[in-house]
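Observations on the three-dimensional arrangement
For reference, the chains in residue letters:
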Amino acid sequence: MNMIKPFNTLSRKIAQKSSWGSLAVVLLCVSLGSAAVMDRTLATVNGQAILLSEFQKNADPILEQFKKASPPTDQTPERIADLKKRVLDQMIDDRLLVQEAKKKNIHVSQLEVDDGVKKVHSRFATEAEFNEELQKEGMTYDEFRAHIQDQLSTIKLIDQEVKAKTPAPGDADIKELFDTIDAIINDKPIPGSHTPSEIDELKSLARAVQHRFGERVRARHILIRVAPGAPQEDRDKALAKAKDVLKQLKNGADFTELAKKYSDDPGSKDRGGDLGYFSHGDMVPAFETAAFALDVGQTSDVVQTDYGYHIIRVEEKKAASKVNYDDVKDDLKEYLFQQRGAKRFEEYIKDLRSKSEIKINDLN
């Protein structure tokens with residue numbers, strides 16, 4: 001169970017830029033990624049085919065997520081066709097990078113491959129599960145190792161040709177970005193000239209910075225889980241259990257021990273219900289309202305959310321503080337560096353495409 005809602009933190013904004021554009025070469029990929037079925041060719045990249053089966057392995061999860069997250073009115077044939085095109089474009093870019101890494105004789109040691117294999121292997125509970133996934137992907141173990149080697153060589157290529165050639169931002173650039181963020185936070189006019197998309201990005205970054213310096217609370221909770229659509233009988237039982245736990249707390253029982261014993265939140269149960277620090281906007285509304293209303297050392301009554309029934313205890317509080325340049329300078333420097341790297345990556349891919357022979361067939 002994850003009580004925390006999705007939100008943009010400064011570190012996450014920076015992490016988003018660390019991909020150097022739209023690059024999808026990620027070592028710990030969910031799919032082991034290959035295709036054994038010889039079927040229709042969707043595209044060729046310098047004579048190397050991208051098969052329909054490969055495309056579907058990449059596109060199907062993205063399309064499924066799009067259909068779950070978007071209202072039916074947005075699921076137009078045009079939007080779906082655009083998503084498919086973007087997936088295929090990404091696959092072409094990935095293929096170009098692997099080919100270029102081989103041209104430049106980028107070396108990946110067997111020890112590095114071993115380490116990459118171990119990282120993916122660790123995602124599976126047993127050897128049988130790992131082998132089952134290999135079979136599902138239509139890969140032999142040797143093909144899987146070759147796939148990992150290709151990914152690692154691509155990462156090295158990007159480090160060499162993009163990251164190493166991206167200039168670091170100077171102090172003036174960092175201070176200019178900080179002044180822009182500070183103006184947004186304090187509802188002042190945004191200095192300089194920016195496109196609408198740039199303004200949206202700057203506002204998102206400003207919210208992330210402000211979030212970091214906002215009021216925070218550290219709390220524990222005990223969750224008695226019940227599904228939103230559960231029968232009333234189940235809800236009544238869960239509420240009665242929560243009230244019994246609260247009664248034990250009022251009679252002097254230790255919150256940490258009761259959390260370990262009763263809480264249905266696997267993410268915090270073993271820590272005695274400790275959720276660490278969180279800020280406004282991190283938690284679901286009912287939970288957040290109750291937590292921030294409590295004083296340090298105070299325990300709530302039973303609080304209902306979509307997850308079930310909670311009992312919350314506040315351990316510490318930190319007041320909001322003014323955004324300070326010295327505290328965010330390094331983060332902003334990294335942000336600007338990643339932003340420049342993303343632009344350089346896009347130029348690098350564009351150059352690779354211009355030198356390559358790419359043929360694309362009908363996606364439908």
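These lines cover the structure that appears in this document, whether it is placed above or below.

Scoring rules and cut-offs
Residues numbered from 1 in each chain as written. Predicted model: local features only at pLDDT ≥ 70, side-chain atom pairs only at ≥ 80, totals over all residues. Heavy atoms only, no water. Helix = DSSP H or I, 4+ residues; strand = E, 2+ residues; numbered from the N terminus. Buried < 20%, exposed > 50% of the residue type's maximum accessible area, 1.4 Å probe, protein only. Contact = heavy atoms within 4.5 Å. Pairing = 2+ DSSP bridges. Axes fitted to C-alpha atoms, helices over the stretch in contact; angles between N-to-C directions. Parallel < 35°, antiparallel > 145°, perpendicular 65-115°, else oblique. Nonpolar A, V, L, I, M, F, W, Y, C, P; charged D, E, K, R; others polar. Core = buried A, V, L, I, M, F, W, Y, C linked by side-chain atoms within 4.5 Å. Salt bridge = Lys/Arg side-chain N within 4 Å of Asp/Glu carboxyl O. Phe/Tyr/Trp six-rings, centres within 6.5 Å; stacked < 30°, edge-to-face > 60°.

A look at the overall build of the chain
Looking only at helices and strands, the chain features twelve helices and seven strands. The 364 residues of the chain split such that 40% are buried. Excluding contacts between residues fewer than 6 apart, the proportion of contacts in the chain whose partners are at least 24 apart in sequence is 74%.

Remarks on the pairing of strand β2 (residues 48–51)
Bridge count between strand β1 (residues 41–45) and β2: four bridges; the pairing is antiparallel. Within β2, the position partnered with A43 by the bridge is I50. What sits between the antiparallel neighbours β1 and β2 is a turn of two residues, in which N46 has the positive phi angle 50 degrees.

Comments concerning the sheet that holds strand β4 (residues 274–279)
Strand pairing within a sheet occurs via backbone hydrogen bonds; the two strands may be parallel or antiparallel. Strand order in this open sheet of four strands is β4-β3-β6-β5, and the pairing throughout is antiparallel. Two strands lie at the open edges of the sheet, namely β4 and β5 (303–305), each paired on one side alone. Averaged over all pairs of adjacent strands, the angle between their axes in this sheet comes to 45 degrees, without regard to strand direction. Summarising the sheet, β5 and strand β6 (residues 308–318) pair through three bridges and their orientation is antiparallel. From the neighbouring strand, Q304 faces β6, where its bridge partner is Y309. Running at roughly 40 degrees to strand β3 (residues 216–225), helix α10 (residues 255–262) makes contact with β3 and β6 of the sheet.

Topic: the packing of helix α3 (residues 77–103) against helix α12 (residues 325–354)
Packed helices, taken two at a time, are described by their axes: the angle between them and the distance between them. At their nearest, the axes of α3 and α12 sit 10 Å apart, and the two run at 80 degrees to each other. By the angle between their directions, the pair α3 and α12 is classed as roughly perpendicular. Between α3 and α12, the residues in contact are D89, I92, D93, L96, L97 and E100 and F345, Y348, I349, L352 and R353, respectively. A class-by-class count of the residues in the contact of α3 with α12 yields seven nonpolar, no polar and four charged.

Structural notes on the nonpolar core
One finds I50, F55, L88, I92 and L97 to be the most contacted residues of the largest nonpolar core, which totals 25 residues. The set of elements that each furnish at least two residues to this core consists of β1, α2 (52–69), α3, α6 (141–161) and α12. A per-element tally of this core places α3 first, with eight residues. Sequence-distant contacts of F55, that is, excluding residues within four places in its chain, are made with L42, K84, V87, L88, M91 and L363.

Description of the pattern of salt bridges
Pairing is possible between side chains that carry opposite charge, provided their charged atoms lie close to one another. Evaluated as defined, the whole model comprises 25 salt bridges. Across the pair K104 and E100 runs a salt bridge, and its minimum N-O distance is 4.0 Å. Accessibility expressed as a relative area gives 37% for K104, which makes it partly exposed. Two residues, D150 and K102, come together in a salt bridge whose shortest N-O distance is 3.9 Å. Separated by 48 residues along the polypeptide, D150 in helix α6 and K102 in helix α3 bring together distant segments of the chain. Its relative accessible area of 23% is what places D150 among the partly exposed residues.

So, the pairing of β1
Inspection of the sheet shows β1 paired to strand β7 (residues 358–360) by three bridges, in the antiparallel sense. When the sheet's bridge partners are listed, T44 is paired in β7 with K359.

Let's talk about the sheet that holds β7
One open sheet holds the three strands; their spatial order is β2-β1-β7, and the pairing between them is antiparallel. If you trace the sheet from one side to the other, it starts and ends with β2 and β7, each paired once. Taken over all neighbouring pairs, the strand axes of this sheet differ in orientation by 20 degrees on average, direction set aside. Strand contacts of α3: β1, β2 and β7, with the helix running at about 145 degrees to β2, the strand carrying the most contacts.

Details of the environment of V328
Along the chain, V328 turns up in helix α12. Classification of V328 by relative accessible area gives buried; the value is 1%. Spatially, the C-alpha atom of V328 lies 9.6 Å from that of I174, the residues being 154 residues apart in sequence. With residues near it in sequence (within four places) discarded, V328 still touches F178, V209, R212 and F213.

A word on the packing of aromatic side chains
Scanning the model with the defined rule gives six aromatic pairs in all. Centre to centre, the rings of F130 and F144 are 5.4 Å apart; their planes meet at 70 degrees, and the pair counts as edge-to-face. Note that F130 is positioned in helix α5 (residues 127–137) and F144 in helix α6, a separation of 14 residues in sequence. Both residues of the pair, F130 and F144, count as buried. Geometrically, the ring pair formed by F278 and F292 is edge-to-face, given 6.1 Å between the ring centres and 85 degrees between the ring planes.

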